Amino acid sequence: MEVVRIVMLGMTGVLLGLFLKGTRPEYSVYLSLAAGILIFFYMTDKLSYLFSSVMKIQDYLPVDIEYLTTLLKIIGITYIGQFSSGICKDAGYGSIGAQIEIFTKLYIMVLSMPVLLALMEAIHGFLS
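Heads up: these notes are all about the structure in this document. The structure displayed is predicted, hence computed values, not measured ones.

**Re the environment of Ile-102**
Logical step 1: By secondary structure assignment, the location of Ile-102 is in helix α4 (residues 94–127).
Logical step 2: The exposure class assigned to Ile-102 is partly exposed, which follows from its relative accessible area of 44%.
Logical step 3: Sequence spacing of Ile-102 and Ile-57 is 45 residues, and the spatial spacing of their C-alpha atoms is 31 Å.

This is how it looks when you write it as structure tokens:
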């Protein structure tokens, strides 16, 4: 049911943006930004649940905390990158939005390298 609320909030923002685009196009970007921020604030409760679940996994399994923080950083970078890229594209700056997406993908690769190297070391240890 919560997904329906978020979808309705987003669709309301889109319809109001389309309505304003004809009369006041400069306000449609602000409306898109406001709808995105409202959805983000609604999602913060879900993010706190996600963080507590990841910490429970860390309690059950002997996983290094560095890997879990890397995972949480990757999730945050992905959401922020998509959000800002969408706002840029809505404002008519698609090339800047595409550059943001490329940068976030590269940054995620950089963040995940220590995890990948640790995995490769573990596989190498099993094979030797």
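**Describing the packing of helix α1 (residues 2–23) against helix α2 (residues 25–60)**
Logical step 1: Running from amino to carboxyl end, α1 crosses α2 at an angle of 170°, the nearest separation of the two axes being 7 Å. If you check the angle between α1 and α2, you find them roughly antiparallel. Contacts between α1 and α2 pair Glu-2, Arg-5, Ile-6, Leu-9, Gly-10, Gly-13, Leu-16, Gly-17, Leu-20, Lys-21 and Thr-23 from the former with Pro-25, Tyr-27, Ser-28, Leu-31, Ala-35, Leu-38, Ile-39, Tyr-42 and Lys-46 from the latter.

**A short note on the pattern of salt bridges**
Logical step 1: Applying the stated criterion to the full structure yields two salt bridges.
Logical step 2: Across the pair Lys-46 and Glu-2 runs a salt bridge, and its minimum N-O distance is 2.5 Å. A residue pair is termed long-range when its members are at least 10 positions apart, and Lys-46 in helix α2 and Glu-2 in helix α1 qualify at 44 residues.
Logical step 3: Judged by its relative accessible area of 36%, Glu-2 is partly exposed.
Logical step 4: Of the charged contacts, one joins Glu-101 and Lys-89 as a salt bridge, the two residues approaching to 3.1 Å between their closest N and O atoms. Of this pair, Glu-101 sits in helix α4 while Lys-89 sits in helix α3 (residues 65–90); the two residues are twelve residues apart in sequence, bridging distant segments of the chain.

**Observations concerning the packing of aromatic side chains**
Logical step 1: One pass over the full model with this rule turns up five aromatic pairs.
Logical step 2: When the ring of Phe-103 is compared with that of Tyr-107, the centres are 5.9 Å apart and the planes differ by 20°; the resulting orientation is stacked. Of this pair, Phe-103 and Tyr-107 both sit in helix α4, four residues apart, which is roughly one turn of that helix.
Logical step 3: Taking relative accessible area as the criterion, Phe-103 reaches 57% and is therefore assigned exposed.
Logical step 4: Among the residues examined, Tyr-107 registers a relative accessible area of 39% and is labelled partly exposed.
Logical step 5: Site record: aromatic cluster; members linked through ring pairs are Phe-40, Phe-41, Tyr-79 and Phe-83.

**Focus: the environment of Gly-97**
Logical step 1: Its location among the elements puts Gly-97 in helix α4.
Logical step 2: What makes Gly-97 buried here is its relative accessible area of 0%.
Logical step 3: Remark: the alpha-carbon pair of Gly-97 and Phe-83, spanning 14 residues in sequence, is separated by 9.5 Å.
Logical step 4: The contact partners of Gly-97, leaving out residues within four places of it in the chain, are Ser-85, Cys-88 and Lys-89.

**As for the packing of α3 against α4**
Logical step 1: At a minimum axis distance of 8 Å, the contact between α3 and α4 shows a crossing angle of 170°. As far as their axial angle goes, α4 and α3 are roughly antiparallel.
Logical step 2: A class-by-class count of the residues in the contact of α3 with α4 yields 13 nonpolar, ten polar and four charged.

The rules behind each value
- Residues numbered from 1 in each chain as written.
- Predicted model: local features only at pLDDT ≥ 70, side-chain atom pairs only at ≥ 80, totals over all residues.
- Heavy atoms only, no water.
- Helix = DSSP H or I, 4+ residues; strand = E, 2+ residues; numbered from the N terminus.
- Buried < 20%, exposed > 50% of the residue type's maximum accessible area, 1.4 Å probe, protein only.
- Axes fitted to C-alpha atoms, helices over the stretch in contact; angles between N-to-C directions.
- Parallel < 35°, antiparallel > 145°, perpendicular 65-115°, else oblique.
- Contact = heavy atoms within 4.5 Å.
- Salt bridge = Lys/Arg side-chain N within 4 Å of Asp/Glu carboxyl O.
- Phe/Tyr/Trp six-rings, centres within 6.5 Å; stacked < 30°, edge-to-face > 60°.
- Nonpolar A, V, L, I, M, F, W, Y, C, P; charged D, E, K, R; others polar.

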